[in-house]
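The residues making up each chain are set out below.
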Amino acid sequence: QEKKIFTVQGPYPIIRRLLRARGWVERKLPRMGRQLEQHCGDQNKQQLQTGPSNGGGRQREEEEQCDEDPDSIHDLMSYLVRDQLPNFIWTNFLEAVDCQLLQEDSVVNHHARVDAFTTKEGLCLSLQNLPWIEQADPNTFFPRCYRLGTMDDREAFIEDFRLTAARSLLKLALEEAGDRPVRTEQVPNSAKGAGWHRSHISHPKHSTARPGSPLYPELVEEALEVCKQHLDVLQHQDIDRSTPSPCRTCIDWDRFLQQYYRVAHEGAGLVLTRQQRKQCQNLLQSLAEKLPQLDMEGKLNVWILKPGAESQGRGIICMMRLEEMLQLAWSCTAPSVQVGRWVVQKYVERLLTIFGTKFDIRQWFVVTDWKPLTVWFYRDCYLRFCSRPFSLHHLERARHLCNVSVQKWYKTSPDQDPRVPPDKIWSNEQFQEYLAQLGQADAWHQVLVPGMKAAILNTLRSARDRVRFRKGNFELYGADFLVGEDCQPWLLEINSCPTMSPSSAVTRRLCANVQRDTLRLVLDRKDNPTCSIGAFELIYKE
């Protein structure tokens, strides 16, 4: 009569415990007990064979389920409501919900068709359309991204890669003052046959060209001409839509890129005159006013290739050669990925590191309604570290993918700074203390948090017409952000089912808190609008 019957699908013992504490009764699904018993047996067997894992928090939560007394009052009550439909459903995926369980006023923790912004392909498409929906530029918070399965996007990516190579060449040329040549360190011989992953790439070094190393005196001139034409297009794009693309010039792009690779990656020399130096400086300064990502994109033209609908870092590869990226996207090297469903995104080369290590931020938020759009931002979040020091010398996953599901397979490398936490997790409070030590105490509240909020809201606005919402439902999301050298947050992706399985003391506390506060927000607040909602704050309601 009080409509307090719930169903939980998935590993959410905290949700189950909190609902029971509120007087709710669980309607258990058929065969759930047998599945749980089998799961617990497998877990115990694994523990006997391998010993305790570093996911102790998850293990303890699952043990709570396994150790539950079958004769408890909760099981008795569950038996009594076995024929009743649940009023509240918390599940991993919306597809797992049997439509026959839904009542008109049932509350479910998911909306339909959110793949418009929770898949890499959907997010890419939605944010491409953002300027047509809102007065916002996705290039200010989302690294440039293209869907390689569509011809228009593929051609746009090729043009972007070429233009980025030309800008990168100007940056490399400016590394050496005056008329002296600039060159980059020679790639080790072992890397030249390393295949598409290019796992050994060298950083540019300040030094003169080696005797006998090839010089490309025309290369800087060509790059200058391309960038001048691009700047002209950017300055007149609202006036003359028929302006030809700077990449459709008489330049032999195959030759240009091969020579650029030799300069940027293999140590070939590059001559820059004083006049060209001044031209490079002026041109890059003018381009920076038009291109929000000019600074973060670096000099090596690294891109990151991602399967369009995968999660947890599956299939993601860092690359820096155009022909190899296009070849991989249409090859059969990743059989789990549908051909043509790759997205390619500009890698943030100039990012903030902590103790020389790459990290990202997992930031939660809840959407309680889509009409009117209502968004709640969680004030607590956590950082995820890589297992090895950041370097563009090497592009392997252990240095560049912060996902816990990826990093759990790697041991911390000997050259890792000992100050990086062993469990590779920090709270946002620890991050704020670190920023204060850098003299950036205000960056969290004045740059990072406002930037993350704006990115989330713009993303939701770009996708809302494609979402199929159901009144009364809600959804908890996990957004992942990188941080640039200037503390600017860059949105990477949004997850529709963020993990609640703790991998550290920090995530054990925060994951429990966000589940508690989500129930306060979507259940308790209905009966008591002034009740505590913990760390949630309303950041938008139409």
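About the criteria used
Residues numbered from 1 in each chain as written. Predicted model: local features only at pLDDT ≥ 70, side-chain atom pairs only at ≥ 80, totals over all residues. Heavy atoms only, no water. Salt bridge = Lys/Arg side-chain N within 4 Å of Asp/Glu carboxyl O. Helix = DSSP H or I, 4+ residues; strand = E, 2+ residues; numbered from the N terminus. Patch = residues over 30% accessible without salt bridge, like charges linked within 9 Å, V, L, I, M, F, W, Y side chains within 5 Å. Areas by Shrake-Rupley, 256 points an atom, 1.4 Å probe, with all protein chains shown as cover. Axes fitted to C-alpha atoms, helices over the stretch in contact; angles between N-to-C directions. Parallel < 35°, antiparallel > 145°, perpendicular 65-115°, else oblique. Left-handed = near helix turned anticlockwise from the far one by under 90°. Contact = heavy atoms within 4.5 Å. Nonpolar A, V, L, I, M, F, W, Y, C, P; charged D, E, K, R; others polar. Pairing = 2+ DSSP bridges. Core = buried A, V, L, I, M, F, W, Y, C linked by side-chain atoms within 4.5 Å. Buried < 20%, exposed > 50% of the residue type's maximum accessible area, 1.4 Å probe, protein only. Domains from an automatic or database assignment. Phe/Tyr/Trp six-rings, centres within 6.5 Å; stacked < 30°, edge-to-face > 60°. Lys NZ or Arg CZ within 6 Å of the ring centre and 35° of its normal.

## A closer look at the pattern of salt bridges
By the definition in use, this model includes 33 salt bridges. Where Asp153 meets Arg147, a salt bridge forms, and the shortest distance between an N and an O atom there is 3.4 Å. With a closest N to O distance of 2.7 Å, Arg255 and Glu222 form a salt bridge. Residue Arg255 is located in helix 11 (residues 253-265), and its partner Glu222 is located in helix 10 (residues 217-236); the two are separated by 33 residues in the primary sequence. Through salt bridges with shared partners, one network takes in Arg144, Asp160, Arg167, Lys171 and Glu297.

## Here's the deal with a nonpolar patch on the surface
On the surface, a nonpolar cluster with roughly 510 Å² of combined accessible area is contributed by Ile73, Leu76, Met77, Tyr79 and Leu80. Assignment of secondary structure puts Tyr79 in helix 4 (residues 73-80).

## Examining the packing of helix 8 (residues 151-174) against helix 11
Geometrically, a packed helix pair is captured by the angle between its two axes and the distance between the axes. Running from amino to carboxyl end, helix 8 crosses helix 11 at an angle of 40 degrees, the nearest separation of the two axes being 10 Å. On the basis of the axis angle, helix 8 is oblique to helix 11. For helix 8 against helix 11, the interelement crossing comes out left-handed. On helix 11, the residues that touch Phe161, Arg162, Ala165, Ala166, Ser168, Leu169 and Leu172 of helix 8 are Trp253, Phe256, Leu257, Tyr260, Tyr261, Val263 and Ala264. Of the residues that constitute the contact of helix 8 with helix 11, the class distribution is 12 nonpolar, one polar and one charged.

## What to know about the sheet that holds strand 3 (residues 88-91)
Strand order in the open sheet made by the four strands is 2-1-3-4, with parallel pairing throughout. Every other strand in the sheet has two partners, leaving strand 2 (25-26) and strand 4 (107-108) as the edge strands with one partner each. Relative to strand 4, strand 3 runs parallel, the two being bridged by two bridges. Directly across from Phe88, in strand 4, lies its bridge partner Val107. Packed on one face of the sheet, helix 1 (residues 13-21) meets strand 1 (5-9), strand 2 and strand 3 and runs near 170 degrees to strand 1.

## Section: the nonpolar core
Counting 66 residues, the largest nonpolar core has Phe157 and Phe256 as its most contacted members. At 10 residues, helix 8 tops the list of elements feeding residues into this core. Two domains each provide a minimum of three residues to this core, namely domain 2 (115-141 + 350-541) and domain 3 (144-178 + 212-347). With sequence-adjacent residues up to four places away left out, Phe157 is seen in contact with Tyr146, Leu148, Trp303, Leu322, Met325, Leu326 and Val344. Among the nonpolar cores identified, the runner-up in size contains 50 residues, and Leu130, Leu352, Phe385 and Met452 belong to it.

## As for unusual backbone geometry
Following Lys371, the chain continues to Pro372 via a peptide bond in cis, the omega torsion being 0 degrees. Despite not being glycine, Arg113 has its phi angle at roughly 60 degrees, a positive value. Classification of Arg113 as partly exposed rests on a relative accessible area of 45%. One non-glycine residue with positive phi stands out, namely Lys424, at about 60 degrees. Here Lys424 shows up in the loop between helix 15 (404-407) and strand 11 (425-427). Note on Lys424: relative accessible area 13%, which makes it buried.

## Observations concerning the packing of aromatic side chains
In this structure the tally under the stated criterion is 23 aromatic pairs. Here the aromatic residues Phe355, Phe359, Phe385, Trp426, Phe431, Tyr434 and Trp444 are joined through ring pairs into a cluster of three or more. Sitting above the plane of the Tyr79 ring, Arg82 keeps its charged end 4.0 Å from the centroid. Its end group placed over the ring of Phe377, Lys453 keeps NZ or CZ at 5.4 Å from the ring centre.

## Re the pairing of strand 8 (residues 342-346)
Of all five residues making up strand 8, five are buried, and the element is well covered by its neighbours. Neither face of strand 8 is left uncovered, since the one carrying Trp342, Val344 and Lys346 and the one carrying Val343 and Gln345 both have all their residues buried. Judged from the three bridges that link them, strand 5 (residues 145-147) and strand 8 form a sheet pairing that is antiparallel. Bridge pairing links Arg147 to Val343 in strand 8.

## Focus on the pairing of strand 9 (residues 359-370)
Extensive coverage of strand 9 is indicated by the burial of 11 of its 12 residues. Note that strand 9 and strand 10 (residues 373-385) share 10 bridges and pair antiparallel. Residue pairing in the sheet places Arg362 in a bridge with Tyr382 of strand 10. Hairpin geometry of strand 9 and strand 10 is characterised by an intervening segment of two residues between the two adjacent antiparallel strands. With seven bridges joining them, strand 9 and strand 12 (residues 475-483) adopt antiparallel strand pairing. What sits directly across from Val367, in strand 12, is Glu475.

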